[in-house]
Amino acid sequence: MEQIKKKKRNKTVLLILSILLSAVIAAGIYLYSTIFQPFSLTETAYIHIDREKDYEEVVRQLKEVGLPSEKIFRLLAERMNYPNMVKTGRYAIEDGMSMPDVIRKLRSGNQTPVNLTFNNIRIRENLAGRISQQLMIDSLSLLNALEDPANAQKFGFDEYTFISMFIPNTYEVYWDTSIDNLLSRMKREYELFWNEERKEKAGKIGLTPVQVSTLASIVEEEATYADEYPIVAGLYLNRLNRGMRLEADPTVKFAVGDFALRRILFRHLEVESPYNTYKNSGLPPGPIRVPSIQAIEATLSPQQHRYLFMCAKDDLSGRHNFATTHAEHARNAAAYQRALNAMGIY
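Note that the structure is a prediction, hence the values are computed from the model and not measured.

*Asks:* For this particular structure, what's the right way to read the overall build of the protein?
*Replies:* Counting its regular elements, the protein contains 15 helices and 6 strands. A fraction of 63% describes how many contacts in the protein between residues 6 or more apart in sequence connect residues 24 or more apart. When the accessible surface of the protein is split by element, carbon and sulfur atoms take 49% of a total near 18900 Å².

This is the structure we're talking about:
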């Protein structure tokens, strides 16, 4: 009898152990599948961790991109000591990554670079704003750095020419790069751009690289269509070589501080500014915009011609009539003035 009871107890114990083991295995399988459940994304998502290094903000962003389990993530993050190791940066979360994968990436600071681009930039405020939209850089802090003469001198420029160090292109940079690192990178890119071939071309037209950028900025502001860039560049070089003032309307707009001016009046021509090329000979002290590579290349390879004057066409197409004599230019200018009057542009 005692032996029968003992067998029953053993069976009960085995049954309980079997149930417990099954429960442990099931829990283990569930936990494993949850821990390694991949992010399900249709495209790569990015989270951005700023200088606050806010762990809760990291979790919030991960939830927005489909965090499989906030509870398990927090447990894993604590176990891997991530809350104490949050690093700034821009991090790619890709389809199929598990939560441990993500934590290891975030904890190691293995961020994904940004393709920084800037073009069609006129003034330093525009440049600082455009860059701050793409990087973890405060626009006002960057603007202050761009306006600091000592900072410009450190990189081999002055307060007027510093903006010419920025060559519009696409650059791979880290989202959390510092202002100093960004400026150093732009200086390296500037030196790479101004290779021996381009320096030689600049020398042939009698200009330094900075002067080329300055003239290119005027060319780009003057010509609406890129196919006119080489013509306009050749015209201004002709005037410079003859000792004539450039008398470029875009420099007056820059001096006045209004690029939207549609008609330059005599009172605008009288503004006192080193950028007013109606009152000052030679090139202005620096670029009036960040010239594009296309404008720089056109200035380095100007069209050879005898034009000395230009005027917008009276069809208001944005294209120009070019002239070799003042008399011809006067006729073109009169036609343009009549067109402006007819349009009520005074």
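*Asks:* Would you mind showing me how to read helix 15 (residues 326-342) here?
*Replies:* Residue pairs spaced three or four apart in an α-helix point in one direction, given the helix's 3.6 residues per turn. Over its 17 residues, helix 15 runs 24 Å from end to end, which matches the ideal 24 Å to within 8%, given 1.5 Å per residue. The set of residues buried in helix 15 consists of His329, Asn332, Ala333, Ala335, Tyr336, Ala339 and Leu340. Buried positions in helix 15, seen along its axis, are confined to an arc of 160° and lie on one side of it. Exposed residues lying more than 90 degrees from the buried face of helix 15 are Arg331, Arg338 and Ala342. Looking at the buried residues of helix 15, the elements they touch are strand 5 (309-312) and strand 6 (320-323). Positive backbone phi, approximately 75°, marks Gly344, located one or two places after helix 15.

*Asks:* Quick question: what am I supposed to make of the pattern of salt bridges here?
*Replies:* Oppositely charged side chains can pair when the atoms bearing their charge come close. Counted under the stated rule, the structure contains 18 salt bridges. One salt bridge in this structure joins Lys204 and Glu200, with 3.9 Å as the shortest N-O distance. Highlighted residues: Lys204 and Glu200, both in helix 9 (residues 196-204), separated by 4 residues, approximately one helical turn. Between Glu228 and Arg319 there is a salt bridge, with its nearest N and O atoms 3.9 Å apart. Taken together, the positions of Glu228 in the loop between helix 10 (209-222) and helix 11 (229-241) and Arg319 in the loop between strand 5 and strand 6 put the pair 91 residues apart, joining distant regions of the chain. Among the charged side chains, a salt-bridge network with shared partners connects Glu56, Lys63, Glu70 and Arg74.

*Asks:* Whenever I open this one, the nonpolar core confuses me. Can you help?
*Replies:* One recurring pattern in soluble globular proteins is that nonpolar side chains are buried together. Counting residues in hydrophobic clusters, the biggest one holds 59 residues, and the most contacted among them are Phe118, Ile131, Met165, Phe166, Leu183, Trp194 and Tyr236. For this core, the secondary structure elements donating two or more residues are strand 3 (114-117), helix 5 (124-132), helix 6 (139-146), strand 4 (170-173), helix 8 (179-193), helix 10, helix 11 and helix 14 (293-300). Top element by residues in this core is helix 11. It accounts for 7 residues. Leave out the neighbours within four places in its chain, and Tyr236 touches Leu215, Ile218, Val219, Glu222, Leu246, Ala248 and Met310. The next biggest cluster of nonpolar side chains, apart from the first, holds 26 residues, and it includes Phe39, Val58, Ile72 and Leu76.

*Asks:* Even after reading the chapter, I still don't get the packing of helix 11 against helix 14, so can you show me in this structure?
*Replies:* Following both chains from N to C, one finds helix 11 and helix 14 inclined at 50°, their axes separated by 8 Å at the closest point. Here helix 11 is positioned oblique relative to helix 14, judged by the angle of their axes. Between helix 11 and helix 14 lies a crossing whose hand is right-handed. Across the interface between the two elements, Tyr229, Pro230, Ala233 and Leu237 from helix 11 touch Gln294, Ala295, Ala298 and Thr299 from helix 14. For the contact of helix 11 with helix 14, the class distribution of residues is 6 nonpolar, 2 polar and no charged.

*Asks:* Just checking my understanding: could you explain the packing of helix 10 against helix 11 for this structure?
*Replies:* Between helix 10 and helix 11, whose axes approach to 9 Å, the crossing angle comes to 125°. By the angle class used here, helix 10 and helix 11 are oblique. Along this stretch, helix 10 crosses helix 11, giving a crossing that reads as right-handed. Contacts between helix 10 and helix 11 involve Leu215, Ile218, Val219, Glu220 and Glu222 on the former and, on the latter, Tyr229, Val232, Ala233, Tyr236 and Leu237. Considered class by class, the residues forming the contact of helix 10 with helix 11 number 8 nonpolar, no polar and 2 charged.

*Asks:* Would you explain unusual backbone geometry in this entry?
*Replies:* Leaving glycine aside, a negative phi is the common case for residues, and trans is the common case for peptide bonds. Of note, the phi angle at Glu247 is positive, near 50°, even though the residue is not glycine. Assessed through its relative accessible area of 37%, Glu247 is described here as partly exposed. Phi at Leu316 takes a positive value of approximately 55°, unusual for a residue other than glycine.

*Asks:* Is there a simple way to explain the packing of aromatic side chains in this structure?
*Replies:* The description of two aromatic rings rests on the distance between their centres and on the angle between their planes. Applying the stated rule across the entire model yields 11 aromatic pairs. Ring geometry for Tyr55 versus Tyr82: centroids 6.0 Å apart, planes at 65°, classification edge-to-face. With a gap of 27 residues between them, Tyr55 in helix 2 (residues 55-64) and Tyr82 in the loop between helix 3 (70-79) and strand 2 (89-93) connect regions that are remote in the sequence. Side by side, Tyr55 and Tyr82 carry an identical accessibility label, which is buried. Ring plane angle 75° and centroid distance 5.2 Å describe the contact between Phe157 and Tyr190, whose orientation is recorded as edge-to-face.

Quick notes on the rules
- Residues numbered from 1 in each chain as written.
- Predicted model: local features only at pLDDT ≥ 70, side-chain atom pairs only at ≥ 80, totals over all residues.
- Heavy atoms only, no water.
- Helix = DSSP H or I, 4+ residues; strand = E, 2+ residues; numbered from the N terminus.
- Contact = heavy atoms within 4.5 Å.
- Areas by Shrake-Rupley, 256 points an atom, 1.4 Å probe, with all protein chains shown as cover.
- Expected span 1.5 Å × (residues − 1).
- Buried < 20%, exposed > 50% of the residue type's maximum accessible area, 1.4 Å probe, protein only.
- Arc of directions from axis to C-beta.
- Salt bridge = Lys/Arg side-chain N within 4 Å of Asp/Glu carboxyl O.
- Core = buried A, V, L, I, M, F, W, Y, C linked by side-chain atoms within 4.5 Å.
- Axes fitted to C-alpha atoms, helices over the stretch in contact; angles between N-to-C directions.
- Parallel < 35°, antiparallel > 145°, perpendicular 65-115°, else oblique.
- Left-handed = near helix turned anticlockwise from the far one by under 90°.
- Nonpolar A, V, L, I, M, F, W, Y, C, P; charged D, E, K, R; others polar.
- Phe/Tyr/Trp six-rings, centres within 6.5 Å; stacked < 30°, edge-to-face > 60°.

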